[in-house]
Structure formats: C-alpha cells, structure tokens
Amino acid sequence: MQRELIERLNALIGEGVGKRVLGWKRGEFFYDTEPAILAADQLDELVYDSFCGPNLSKYLIQEMPKLGEGEKIIALIKPCDSYSFNQLCTEHRINKDKVYVIGVGCKGKIDVDKIRARGITGITGIDVDGDALTVHTLYGDEQVNRKEVLLNKCLSCKGKEHRVFDEQIGESEETSTGDDRFDMVKKLEAMSAEERFAFWRGELSKCIRCNACRNVCPACSCVKCVFDNPNTGVQNKAAADDFEENLFHIIRAFHVAGRCTDCGECSRVCPQGIPLHLLNRKFISDIDELYGEYQAGEEVGQRHPVINYTQGDCEPSIVHERGSNA
Amino acid sequence: MQKIGVFVCWCGSNIAATVDVKAVANAMRSEPGVVFSTDYQYMCSENGQNLIKDAIRDYKLDGIVVCSCSPRMHEATFRKTAMAAGLNPYMVEIANIREQCSWIHKDMPEGTEKAMVLARAAIAKVKKNAPLTAGTSPVTKRALVIGGGIAGIQTALDVADAGYEVDIVEKSPTIGGRMAQLDKTFPTLDCAACILTPKMVEANQHEKINLITYSELENVSGFVGNFTARIRKKARHVDEKKCTGCGVCTEKCPSRKGLNEFNMGLNTRGAIYIPFAQAIPNLAVIDTSNCIHFKTGKCGICEKNCSAGAIKFDQEDEIIERKYGAIVVATGFKPIDASYFDEYAYTQSKDVVTSLEFERLMNAAGPSKGVLVRPSDGEHPHDITFIQCVGSRCSHDATKGKEYCSKICCMYTAKHAMLVREKYPDVNVHVFYIDVRTPGKNFDEFYRRAVEQYDVDYIKGMVGKVTVEGKKLHVQGSSLLSNDQLHIYSDMVVLATAIEPDPTARSIGTMLTASMDTNDFFTEAHPKLRPVESPTAGIFLSGVCQGPKDIPETVAQAGAAASKVIGLLSKNELVGNPCVAHANELLCNGCSQCERVCPYGAITYVEKEVRGPEFRGVKRVAQVNEAVCQGCGACTVTCPSTAMDLKGFSNNQIIAEVDAICR
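Residues numbered from 1 in each chain as written. Chains lettered and ligands numbered in written order. Predicted model: local features only at pLDDT ≥ 70, side-chain atom pairs only at ≥ 80, totals over all residues. Heavy atoms only, no water.

S.K.: For this particular structure, what's the right way to read the overall build of chain A?
M.R.: Each helix and strand counted, chain A has 12 helices and nine strands in total. Taken over the C-alpha trace, chain A has a radius of gyration of 21 Å; the compact-globule value for 326 residues is 20 Å, and the two agree within 12%. For chain A, the spread of C-alpha atoms along the three principal axes comes to 60 × 55 × 40 Å. By sequence separation, contacts in chain A at least 24 residues apart represent 67% of the contacts at least 6 residues apart. Accessible surface, chain A: about 15,600 Å² in total, of which carbon and sulfur atoms supply 49%. Here chain A carries 41 positive and 53 negative side-chain charges, and the mean point of each set is 3 Å from the other. (Helix = DSSP H or I, 4+ residues; strand = E, 2+ residues; numbered from the N terminus. Rg over C-alpha atoms; globule rule 2.2 N^0.38 Å. Contact = heavy atoms within 4.5 Å. Areas by Shrake-Rupley, 256 points an atom, 1.4 Å probe, with all protein chains shown as cover. Lys, Arg positive; Asp, Glu negative; His and termini not counted. Charge placed at Lys NZ, Arg CZ, Asp CG, Glu CD.)

Have a look at this one:
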C-alpha cells in the first residue's frame, strides 16, 4: 500500500494539486514513525505501515499560514484522525479548502511495547500477513497474533469510516474489541473518593512534565498555552509542588472537555504510561449521560454540549447533585 | 504602591454582634497597601459616607474596600460615594461580611476570622482593579407581555395608557385567561365576566395594544432595553381579516369530539370553535386534531357555510420577530391534576369535581347552563362536600402535592358554599378544612357570612377517603373539634385543588434566563423591596407566575409591574455595565468557542493584522461588542488560552482573591 500511495502522491503533485505532503517517515528504528512534511523530491522517505499510529491532524495548523492563495497541502488521514481534523476545522484552526485529504486505510496500528511485553527482544523486523504477524529477531522468528498487539487506542476504534476525505486509498478494518470504552471510567466512579484520589495520585505522581501529552494533543492547540504564559497566574502554580503538578492534567482535561475526540494520543505518547485518556473519557461519559451521546469531530461546525444551550438541557441542580454524591 | 482604604461597617448589631469589627479594622491596617482602616456603626449613613469621602481625599486613596452587606444592597451607594470624592466608582470593592458572614455564623471568633478573610480577598482584588467607564445603549420603546389573563391585560393597559406600544402574546385563541372561566368573584360576588370583559374589550380596542393570540414565544435574545423575541403565530386556519365571528361554522361542524377547554372538558365542542361568547378576538379556530378535513381530506362543511370565505385550510404558522425594551411575564397558573389524589375518587366518579370545574357547573355559560346538577346523571344534588387543601400544604417529603398554601381556595370554597346555599337552600353543604385563612379586606366577614347566615357546615379536619357507593359518595373524614369519625353520604364532592404555575412557565424562564424557585414560580429581584422585577434586568413579573394570588392582588401587582416597565421605557438610553469582556488578540486562537457560548451574540470574529513579540501577521481574532456584552463571563471560562477576560472580574483578580483566601 505504501508503494501505491507514493505513486498516487507523485501523480497528484504532478497534476498540481499540492506541493507538499503531510505523512509519516521512518524514525530512529524501523518501528519508529514520525510525522513529516515531505516535498516532491522527498517522497521516497514516506512510510505507511503498521506503525503509523501518530495522529497527523494537528500538524496542519502550522502549515496553514505557509500556504499561498489557492494552494493546498496533501494530508494523509486515517479514519480516527479524521475526527480530529474535523474538530480543528470547526475551531477554524484548519481550513479544509487548503487541504487535499487522502483517507488512508487503516487496519489497526501495532504497539511494539506489547510485542516486547511478551518477552520478545532484539526485534529487527516485522512481516504482516492478515492477522499473522511474523516478528524477526536476533534470535529467530516469532509468531504473534496482530490483534493482540494493537495500540490501546485501536481497541476502542471509531470504525473504518473517514469523516472527511477527497479520495480514499487502501482498505480499513474496525479493530475495536467490543468492550465498553467506559469500563475503566465506571470502575473509577465506583471507587470511594479516597480510593480514587489514591489511584490518581499514584498515576499522576509518575508525571515528569515532559509535556508530550499536551504537545501531541490535537485539542491542545492554543497559540499560547496557559502553562507557557507567565501572565495567567496558573503557570507557576502547577509547578509549586508535586500535588499542584498533578493539577496540570486536570486543568488540561477541562480545557479539552467537549472537544476531545478520544483519539488516545495522550496515553500513547506518555513515556511514564499514565492512562491520561481516562480523564478525558470521564468528561465524555458525563457529557453523554447529561446531554446525550456526543462525538467530537463527527461533523464540521458542531457545537459541543459544553458551549451550547438547549431547552432540553438538564438542570444545573442535577449536575450539582451528581457532583456532591460522587 | 497603591493606597487602599478599608471601611468596616457594624450594620448596627447585624454585623457587630457576630464579628469583632474593631479587630477586623485593626488587622486590615497591617495588610500591604492598606493606608487607612476604620470601623463605623452605619457606613451607608450620611456620616459614614462622609467618613469614606474624607479618607479618600485625606489619604489620597486609589481604591477602597467596604466590609458591609451584600453588594446587591449598597454597592451602588458606595460607588456614588467614591465618585463624589473623585475616585473612579469601579475602584470600590465590597466584602460581604453580613449575608455571607455575620448572619450565618453564631460564634464571634469564627465570624471575625471569616470577615478578615473576606476583607483580605477584597483588598487583593481591589489592588488589581482598573478604572472603568460605562457606555450606554438605546431603549426600544415597546413592551412584550407574555400571557393574556387578567394580569397581562392589566399590565398591558397601564403601559399602553402611558403611551408605549405593547404586544400581548397569548397561547390560547382568546385573551381572558383563568378569570374568564370564573363564575362569581369573592368577596363581593360580582360576576367575573361582567368585570373582566370590559377590560378585554379595552385591550382589544387600545391603539397601543397589539394582541398576538394563539401564539407562542419561541426564542428571546438580547438584554434589557434591547430584547428580540421570535413568536410563532399558530395557524388558526381561519382568515383573521375575513372572519366575522358569526359562529355559523361552529354550529355546522359535524365533529363533536373535541373537549371544551373553556368548560374544563366537561362537555365537547366542534373542531372549529370560538372558545366562548365574549372571546377576544372573536374569531373561529380549527382544532386540527379533531377536524375531519384534516384527518380524512373530506368534509369542508365549515368552508361551504362560511359566507365570508374565511376558512383557510392551507394557512401556515407565521413567525413574528420584533424588538422589545421590556418583557413582562404573566403566564398564570393551572389547577394541579386531581387524579394524583385518587383517595378522593376523582377518577372513579364524575361527581367528584375540582373547584374550577364546579365554577363552570355554576356558570350560566357552562355545560349545564348554570343549573347545578350532578355531572353523572344530571340530577339535582342534595348534599355536597367540599374538601380544602387538596394538594396544598403538603409535607415537604410528600410524593405528591405542594408545600405552599394556594391562598385562594379558602375564599373560593366559602364563595361556592354560599352560592349553593343561596340558590338551593335545600342542599346541605359541608366543608372540610385544616385552617380557614381569610386575611384580606372583607374576607373574614365573607367567610363568617357563609357560616353564620348560610349555615354552611364547616368541619375542622381532613377527609381520609371518598368511596363510590351506588349513587352516593361516601366521605370518611374526621372532625378534630368533636373528635369524631364522620361518615357523610354526599351527592357531589368538590376538591379545592392547589394551583401551580402554568406548565409553559419553565421553558419561558429558561428562554428569559429568569430564575425560578423549586415550584417553578418566578423569583423576585428582592422578596420585599423589588417584588415585581425578576433578577434578570428588563424582565418583570405580573400575577400568579410569581406566587399564588387572588384577583385584587394580581391586578395590583400587574399595575406595579406596569409602572416599572414605564420607568424603563421612559428612558432614552441605559447606562451599561463597563464590566465587559475583551479579547487579547495575541493569545486568541480564533476557535470561535466564545462566539458560540455567548448568550447575547456579543462576539464576532475578524481577520486582522496582529503584531506581537511572538507573532506578526493576519489572524482570526475575537471582537466583543461592548454595548451588547452583559459581562456574564461565559466566554472567559470557555476560552482555553485565557485570551478572553472580563474587565472588573479578570482571571487575575479572581485568582488574587482565591490566593488571599487560601493564604
């Protein structure tokens, strides 16, 4: 599929659709891929394989001002990334008119750490044939079921439909396990306040404030983040002690509430393995419960329930009662 | 360094009894930036205000903190005081050490400590205040009255007489409301129609009043002086300009299934109907749910018989959008559903009726033409039992009924009892009551007349159960005075059902952002001093939508609401609130979330060249229309990058307050 993609991209650039492509290129290791803006002569660097997990939508923001009148950038968008794309269009951070979207097929992306967790080391390469995964290592080949080593975010896959595209290339496959994505949220809700506090203190105290979650998050796309702005009065607060440090994540979850598409990038990139997506999912499940099911990024121009008033909205007292019972 | 003055008020003993005011004033003296701190018995008095003015001049203060009552009481007073001494009025902060401190604490050390904390928070905030200047906005000289009952009619007449245009929007096909359904009115026993219909006619004929009947409010936007309302005028399927109200169509209509709303569903009416003889406007309306033409496409008898050619089956709803300076809520009430109280056999026997149904049974225009008969068999009743407080004065944990007293039931029950005994002396009348409440002019005399002259059998006690036994209703109750269990076999039972706000009130309250209590009655701006105003500026309250009332009280309140409306509409412009939002263009993401969350439509976006240390170029940024912004702050909490901030309540000011409290 990678070869087919590169051929098509060359053709599109030849036709003058765009000059540059937003896609992935190889990182330090074969299982590392990183977002890349590639010009026509760099297209041979483009990678599209089972490791292209990163959500690219956010990288379009910085490209917008670079595009001249009528000029377009070609972007490779997976089905789940298309939600973030639409959400950013809704927020006027991306202009769809300036992007030629290739909806690339996705059958789920692989988490190399899950392969390692099976005791497989010295990995040198991987061959995929359907669900059969042959892992080449320094010590010989190992067989793994692909479905068992997918990224966590693929386990709550949003489906194979691209919510936005100009053309589609490649087949997609729904990889969700069918489990309720709110299972863990429900477990946390069932805990006592003390247990829940202990859970989050345990998780969040691992944070090293590398800001990877913030930097990867398509909803965290402020021109200037409040945590980088000395005038907000909160910047220093979240660094005063380790407890206040924890508030960084809570504030972040509030800032993306209603806009988070549940793309799962925050947890994917966390070097400390903190399940940050659970904070966002708690908000999503509350919004679903109080205002009806809502998926951010489904359409462009949606007004999310947190910034919308309708006469059918639940009364503030209901929100309050729930809050005080929790 | 700023020079801040602190003024601690005793409010007589209101504050000083629970807060050591001298200790507060002393402690504040050592706060950084405070150059003057004192206490005084009544800071709002002229002497108190002079004390503030002198201190501002003598110490060259550039900000003051008054520790006193709620800013709702005296913030305006102290702002004027500051202005008189040459200080910008927005350099004043109030620390509410009365409502939020002395009144809710009993322990002096505790109250004193909290007062100090509140004072420190206000000092922290005032240090970050900036002088602000208010702008003005024009006033649209037209009022909207929601509801065309006696409350709405009276308010509209009074406002219109002062020379302002008034629109009455009424959801039913006619104005008149509940009062039009009443037979006689207490305590004078004059006929309701005789005193109401002249007012209805006057409202209809008034050149300044525009009746928008059979219409519902769909949406309201804007703010005081400048509301925009969208009203859906439902299709009557009758041309208003052609219909003469002759009533031929209503007689010829073959569909007789529609329940007659005016008679509380005690009889039926045609699918095309005029609600009652004196309806205004006197126009027919088609109830499409019962109309044979709308159900089958056939019939059309009304169309054939209408000599004016007024029937318009294809008429569609019309949307009216208009600007108003003031809005009066007069949505009224309805009796609660008596079927919740089935211990009184309301759903089991036609002879158990509510008081409003009884009102129709006694009325000459009612289903029995004013002859009192049992609804079940049309026979003359010989014994009637009235039960008061059905659904009123229930305990707070009751699953049905209301905690409040519906106020009017004691009087109308006395009226009903008296009228029955007057017209039919052969009928025995019993009234079960908890208390008889008659605190109105000539009210107690009226009730005593029922007992003494008309020999109505008043029984202190409640009814436990009513059962249907053959043609009789077996009423089992207790008499607390004689300590007896009573068994009365009546022909009819009349339930004095509680009244509740009209079901449309809740959605109208939401539309107007006017607050309501747990019973869905609208809340006043102040229960004693501003009883006809909603806390939402420009919204006024008339009649039972604010709380149970009888007719004289409703009319008095309607007039009071009108005078407030007139006061507002007489102004050419209103001084705005300078505490408005503004966007920091360098920080703005251009994401439009604030634009979407703004309830006033005050925010727009523009492409604009922005220059800053980190960015230079054209970007999409938010702009606030300061004349439209009401300073609610919804945008500031929505903005993820803190680009949107509120003057006078900036994020930094609020964080400074919180920091001072947590210190």
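S.K.: Even after reading the chapter, I still don't get a nonpolar patch on the surface, so can you show me in this structure?
M.R.: Residues and elements named next belong to chain A. On the surface, a cluster of nonpolar side chains totalling about 470 Å² of accessible area is made up of F197, F243, L247, I250 and F254. Sorting elements by how many residues they give to the nonpolar patch places helix α9 (residues 242–256) first, with four residues. Checked against the element boundaries, L247 lands in helix α9. (Patch = residues over 30% accessible without salt bridge, like charges linked within 9 Å, V, L, I, M, F, W, Y side chains within 5 Å. Salt bridge = Lys/Arg side-chain N within 4 Å of Asp/Glu carboxyl O.)

S.K.: What's the story with the environment of G63 of chain B in this structure? I'm lost.
M.R.: Residues and elements named next belong to chain B. Note that G63 resides in strand β3 (residues 63–68). Once the C-alpha coordinates of G63 and A95 are considered, the two residues, 32 residues apart in sequence, prove to be 13 Å apart. With residues up to four places along the chain from it excluded, the contact list for G63 reads K3, I4, G5, L87, M91 and V126.

S.K.: I'm lost on the interface of chain A and chain B in this one. Help?
M.R.: Quoted interface sizes are often the accessible area lost when the parts come together. At the junction of the two partners, chain A supplies 25 residues and chain B supplies 27 residues. Between chain A and chain B lies a buried interface of about 2,100 Å² when both sides are counted; carbon and sulfur atoms form 51% of it. It is H92, I307 and Q311 of chain A that lose the most area in chain A upon contact with chain B, and together they represent 26% of the buried surface on that side. Along the contact surface separating chain A from chain B lie one salt bridge. The partner of E614 of chain B in a salt bridge is K224 of chain A, and the shortest N-O contact between them spans 2.8 Å. Summed over the shared surface of chain A and chain B, the result is nine residue pairs in polar contact (both at pLDDT 80 or more). Residue composition of the side of chain A that touches chain B, grouped by class: six nonpolar, 12 polar and seven charged. (Buried area = accessible area lost by both parts, 1.4 Å probe. Polar contact = N/O pair within 3.5 Å; in protein donor to acceptor, adjacent residues only side chain to side chain. Nonpolar A, V, L, I, M, F, W, Y, C, P; charged D, E, K, R; others polar.)

S.K.: Got a minute to help me understand the pairing of strand β1 (residues 20–26) of chain A in this structure?
M.R.: Within a regular strand, the side chains alternate between the two sheet faces. All names here are of chain A. Pairing analysis gives seven bridges linking β1 to strand β2 (residues 33–39), with the strands arranged antiparallel. Within the sheet, the bridge partner assigned to G23 lies in β2 and is A36. Relative to strand β4 (residues 73–77), β1 is paired through two bridges, and the arrangement is parallel. Note on β4: the bridge partner recorded for L22 is A75. Bridge count for β1 against strand β3 (residues 46–47) is two bridges, and the pairing is antiparallel. The residue of β3 that forms the bridge with K25 is L46. (Pairing = 2+ DSSP bridges.)

In short, shape yes, function no, at least from these values alone.
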